[in-house]
Amino acid sequence: MKENHKIKNIGWLRAAVLGANDGIVSTASLVIGVAAANASHSSVLLTAVAGLVAGAMSMATGEYVSVSSQSDTEAAALNEERAEIHQNEAAERRELAAIYVKRGLGLALARQVADQLMDHDALGAHARDELGINEITTARPLQAAGASALSYAVGAALPLAVVAFMPPPSLSVAVAVAALIALAVLGGLAAKTGGASVVRGVVRVTFWSALAMAATYGVGALFGNVIS
C-alpha cells in the first residue's frame, strides 16, 4: 500500500502559503497606511494595484533567484560526488556503509546495503544518504517562482477588491478585518495540509499580520498629520 505522507506537500505548500500570506499582508498594510494618511480613494486604489503587481513580480524574482542558487549548489555537489565515485568507488562504498552504521545497522549489514544500493544507483544513493538531496527537497526554480507570483496575486486581490467597493470612511477597518479573516483561514488550511496544529497556525499568522497592519497604520497616520 502506498503511503501518502504530508511532508511531500512541503515544496509547493511553502511557496504558495508564503506568497498568499505576503500578498494579503503587504497589500492590506499598504492600503491601510495610505488610507491613514488621508489619501484619496483613487490613490488608495492605485496603491493596491501597484502593490499587487510589484509584489507578485518581486516574489517571483526572489523565489526564482533563491531556488536557482539552491539548484546550482545541488548540481555542483552531485557533480563532485559523481567524480569521487568514478575516481575511488571502493572508498565511496565504505563511506556509504559508515553512514548506515551511524544510523544503527551492523557493519556487515551496512556494507551489504551499501553495495546493493551502489550497484543499483551509486549517485542516487550518495545524493540521498550523504548529501540529503531527494525528489521531495529538489529545487525547482520555475515552479517555485510561478507558485509564489500566482499565490501573491491571489492574496493581494482580496484587499484590492475591498478597496474597490468600500467607501473611504470605513475602508481601513474593512480591509483589516477581511485580511485577518482570510489569513486565519489560510493559516488553518496550511497547518492542516502540513499536518501541524491548526490553532497554532491561525494564531501565529493573525498575530503577526495584525501587528504589521497596525504598524503601517501608525506610520501612515503620523505622516498624514505631519504633511497636512
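Whatever comes next refers back to the structure up there.
What you see is a predicted model; the values in this text were computed from it and never measured.

(A) Up close: the overall build of the protein. In terms of helices and strands, the protein carries seven helices and zero strands. In the protein, the succession of helices and strands from N to C terminus is α-α-α-α-α-α-α. Per-residue burial for the protein yields a buried fraction of 36% across its 228 residues. Excluding contacts between residues fewer than 6 apart, the proportion of contacts in the protein whose partners are at least 24 apart in sequence is 75%. Per element, the accessible surface of the protein, about 13100 Å² overall, is 65% carbon and sulfur.

(B) Seen up close, the environment of V49. Locating V49 in the fold gives a position in helix 2 (residues 41-87). Residue V49 is classed as partly exposed on the basis of its relative accessible area, which comes to 37%. A C-alpha to C-alpha distance of 9.9 Å links V49 and V31, two positions 18 residues apart in sequence.

Reading the values: the criteria
- Residues numbered from 1 in each chain as written.
- Predicted model: local features only at pLDDT ≥ 70, side-chain atom pairs only at ≥ 80, totals over all residues.
- Heavy atoms only, no water.
- Helix = DSSP H or I, 4+ residues; strand = E, 2+ residues; numbered from the N terminus.
- Buried < 20%, exposed > 50% of the residue type's maximum accessible area, 1.4 Å probe, protein only.
- Contact = heavy atoms within 4.5 Å.
- Areas by Shrake-Rupley, 256 points an atom, 1.4 Å probe, with all protein chains shown as cover.

Honestly, it's all geometry; don't read function into it.
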